[in-house]
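Report on the structure
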Amino acid sequence: MLDALVKAHEILYGEAFTTETASTYLKMSPAGYATTPFREKWEQGMGFLLNEACPNDGTEAEGGGYNGVTMTEQVVANGDVLDFFTYQDMKSYSDVFSWLDVPAGDLNAGSEAEITVTGVKAMNSYLYQNAEEMKAAATPVEKASLAWINAATGEQSKISSVTTDAAGKAKITLPAAAGEYWLVAVSDSESGTYVIGTPAKFTVKVLNPVNAELVLSSSMTSLKLYAVSDTGKAND
């Protein structure tokens, strides 16, 4: 897993990250934790998850949960998803690793969509053996903000005046242009909600409206209208 972290530094810092300068950007503790990742000093070490779960050796810990492994011990494979993070709440470590529940299928540009944010405290991730167990334990995240992500640069654009309610739900207006968009839950420092976000992808399309002219006769006894999809009659 450390090799992947080093590669991330190479991508981010380019030619400035060399064998001679590496320790300026990334330092590891003897115990196998990143104490200065991305030039940011963090004595407690950088947090990390593998495939949306805490890496462990599969054995139960005496105090509960599972025995974790260090960044230098964990092996990764093609297709694995890695999350590296530092805690924003340095007092109680309440940062929540979150997921977004988004509407399925193609969405109409400029329309309204309801998003649900759920999560588990990252500090408690060791309690779950795998991602399925961890996600099953997720609860609604209240007062989280939402942001669009520029997939090319990673830059986030926070959506103003939108935060999740007690059920973890919030409504947003989709972009007016067709395309693929990435959305993520982000922290709201004013409310004290700290979030480690998992991005979700939207496919937004400009759905052409159907204009129909109806001519009604007084002899008609009933009338039904159907929505028509690409594959045929959908619903009335």
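These numbers were taken from a predicted model, which means no experiment stands behind them.

Overview of the packing of aromatic side chains
All told, the structure shown has seven aromatic pairs when counted by the stated rule. Judged by centre distance (5.5 Å) and plane angle (85°), the rings of Tyr87 and Tyr93 are edge-to-face. Ring geometry for Trp148 against Tyr181: centres 5.9 Å apart, planes inclined by 65°, an arrangement best described as edge-to-face. On the criterion of sequence distance, the pair formed by Trp148 in strand β11 (residues 145-149) and Tyr181 in strand β14 (residues 179-186) is long-range, its members being 33 residues apart.

Some thoughts on the sheet that holds strand β16 (residues 200-205)
Taken together, five strands build an open sheet; the order of strands is β8-β16-β14-β11-β12 and the sheet is mixed. Taken across any chain shown, the strands that pair with only one partner, and hence form the sheet edges, are β8 (107-108) and β12 (156-163). Relative to β16, β14 runs antiparallel, the two being bridged by five bridges. Its bridge partner lying in β16, Trp182 is registered against Lys201.

Considerations on the pairing of β16
Where burial is concerned, the two faces of β16 differ: the one with Ala200, Phe202 and Val204 is buried and the one with Lys201, Thr203 and Lys205 is not. Pairing between β8 and β16: two bridges, direction parallel. By the bridge assignment for β16, Asn108 is matched with Lys205.

A look at unusual backbone geometry
Located in the positive-phi region is Phe38, a residue other than glycine, with phi close to 50°. Positionally, Phe38 belongs in the loop between β2 (34-36) and β3 (47-50). Positive phi outside glycine occurs at Lys143, with the angle close to 65°. Within the fold, Lys143 resides in the loop between β10 (139-140) and β11. Overall, the relative accessible area of 42% leaves Lys143 in the partly exposed class.

Quick word on the layout of surface pockets
Looking at the largest pocket, its volume works out to about 630 Å³. If you trace the largest pocket, you find 20 residues lining it, with Ile149, Gly154, Gln156, Gly197 and Pro199 closest to the centre. Taken together, the residues of the lining of the largest pocket break down into 12 nonpolar, seven polar and one charged.

Thoughts on the nonpolar core
Looking at soluble globular proteins, one finds that nonpolar side chains tend to be buried together. Judged by nonpolar contacts, the single largest core of 22 residues is most densely connected at Leu100, Leu146, Ile172, Leu183 and Phe202. Breaking this core down by element, the ones donating at least two residues are β7 (96-101), β9 (112-121), β11, β12, β13 (169-173), β14 and β16. Beyond its immediate sequence surroundings of up to four residues, Phe202 is in contact with Val102, Pro103, Leu107, Ile115, Trp148, Leu174, Gly179, Glu180, Tyr181 and Leu183. Core analysis: the next-biggest nonpolar cluster, separate from the first, contains 12 residues, Cys54, Tyr87, Val120 and Ala122 among them.

A word on the environment of Ala131
Residue placement: Ala131 occurs in helix α3 (residues 131-136). In sequence terms Ala131 and Ala53 are 78 residues apart; their C-alpha atoms lie 4.7 Å from each other. Dropping the residues within four chain positions of it, Ala131 is found in contact with Asn51, Glu52 and Ala53.

Calculation rules
- Residues numbered from 1 in each chain as written.
- Predicted model: local features only at pLDDT ≥ 70, side-chain atom pairs only at ≥ 80, totals over all residues.
- Heavy atoms only, no water.
- Phe/Tyr/Trp six-rings, centres within 6.5 Å; stacked < 30°, edge-to-face > 60°.
- Helix = DSSP H or I, 4+ residues; strand = E, 2+ residues; numbered from the N terminus.
- Pairing = 2+ DSSP bridges.
- Buried < 20%, exposed > 50% of the residue type's maximum accessible area, 1.4 Å probe, protein only.
- 1 Å grid on protein atoms, 1.4 Å probe; cavity = no way out; pocket = protein on both sides within 12 Å on 5 of 7 lines; lining within 4 Å.
- Points joined across faces, edges and corners; volume = space filled by probe spheres on them.
- Nonpolar A, V, L, I, M, F, W, Y, C, P; charged D, E, K, R; others polar.
- Core = buried A, V, L, I, M, F, W, Y, C linked by side-chain atoms within 4.5 Å.
- Contact = heavy atoms within 4.5 Å.

By themselves, these observations are geometric and do not establish any function.
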